[in-house]
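What the coordinates show
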Amino acid sequence: MIKTFALGQKRGMWFVLGLSIALVSVSAGAQSEGQALHVFVGKSVVINVQTPVTRILSSNPAVIDTLATSPTQIVVEGKTAGSSSLIFWDATGHSQMLDVTVDVNIAYLRTAIEQTFPNETINVQSDGAHLILTGTVSEGKIAEDVGKMAATYSVGVVN
């Protein structure tokens, strides 16, 4: 069984993500879809495994960074929006796979838009590396300003 924890912003403090992932051991040569793991850009998740890990592979190191902090603990950090497979092996050659999705955390952007333009109806959605802005605004300048705000979170803004 794998337990995941999200690292908080305070040093040395761990916040339980509340997500336990039961992974099925897969032989090294077998092809299988992994369990889903979601991470935000700039955030980390700690994966605790029961058997010591001997190798780790990320299929897309531009999206996630991995670090084995102990033989039974792996830290996964979201670097940029996208997806990656994460495979790790134990000493017997058995592998486990995670399908990792990294998204932009748009909660702060939503809050900033609501506080800056409280009388406007603006929705923000994340689609991988893209942010999608929809709604109705009272003037074009507001749409332009909201687009600029969103561009600080992602280079791919659909307004």
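The model shown is predicted, which means the values in this text are computed figures rather than measured ones. (Residues numbered from 1 in each chain as written. Predicted model: local features only at pLDDT ≥ 70, side-chain atom pairs only at ≥ 80, totals over all residues. Heavy atoms only, no water.)

Scored by pLDDT, the protein chain has a mean of 79; 79% of the residues are at 70 or more. Confidence over residues 1-31 falls short of pLDDT 50; this stretch has 68 contacts with residues more than four positions distant or in other chains. (pLDDT = per-residue confidence, 0-100. Contact = heavy atoms within 4.5 Å.)

We now examine the nonpolar core. Judged by nonpolar contacts, the single largest core of 15 residues is most densely connected at Ile47, Leu86 and Val100. Elements supplying a minimum of two residues to this core: strand S3 (35-40), strand S4 (44-48), strand S7 (73-78), strand S8 (82-90) and strand S9 (95-103). Take this core: its biggest share by element is 3 residues, from S9. Discounting residues that sit within four places of it in the chain, valine 100 has contacts with Leu37, Val39, Ile64, Val76, Gly82, Ser83, Ser84 and Leu86. Ile113, Phe117, Met149 and Ala150 belong to the second largest nonpolar core, which has 14 residues in total. (Core = buried A, V, L, I, M, F, W, Y, C linked by side-chain atoms within 4.5 Å. Buried < 20%, exposed > 50% of the residue type's maximum accessible area, 1.4 Å probe, protein only. Helix = DSSP H or I, 4+ residues; strand = E, 2+ residues; numbered from the N terminus.)

All right, on to the environment of isoleucine 142 then. Along the chain, isoleucine 142 falls in helix H2 (residues 140-151). Spatially, the C-alpha atom of isoleucine 142 lies 8.8 Å from that of glutamate 120, the residues being 22 residues apart in sequence. When neighbours within four sequence positions are excluded, isoleucine 142 is seen to be in contact with Phe117, Glu120, Ile122 and Val137.

The geometry of helix H1 (residues 107-116) relative to H2 is characterised by a closest axis approach of 10 Å and an angle of 155° between their N-to-C directions. Classified by the interaxial angle, the pair formed by H1 and H2 is roughly antiparallel. In the packing of H1 onto H2, the handedness of the crossing is right-handed. Counted together, Leu109, Ala112, Ile113 and Thr116 of H1 and Val146, Met149 and Ala150 of H2 form the full contact between these two elements. The residue makeup of the contact of H1 with H2, split by class, is 6 nonpolar, 1 polar and no charged. (Axes fitted to C-alpha atoms, helices over the stretch in contact; angles between N-to-C directions. Parallel < 35°, antiparallel > 145°, perpendicular 65-115°, else oblique. Left-handed = near helix turned anticlockwise from the far one by under 90°. Nonpolar A, V, L, I, M, F, W, Y, C, P; charged D, E, K, R; others polar.)

Turning our eyes to something else, we now look at the pattern of salt bridges. Counted under the stated rule, the structure contains 2 salt bridges. With a closest N to O distance of 2.9 Å, aspartate 145 and lysine 141 form a salt bridge. A residue pair is termed a helical-turn pair when its members lie 3 or 4 positions apart in one helix, as aspartate 145 and lysine 141 do in helix H2 at 4 residues. According to the relative accessible area criterion, aspartate 145 is partly exposed, its value standing at 21%. With a relative accessible area of 45%, lysine 141 lands in the partly exposed category. A salt bridge links lysine 148 to glutamate 144, with the shortest nitrogen-to-oxygen separation between them at 3.4 Å. Placement of both lysine 148 and glutamate 144 in helix H2 is noted, with a separation of 4 residues, approximately one turn of the helix. A relative accessible area of 43% places glutamate 144 in the partly exposed class. (Salt bridge = Lys/Arg side-chain N within 4 Å of Asp/Glu carboxyl O.)

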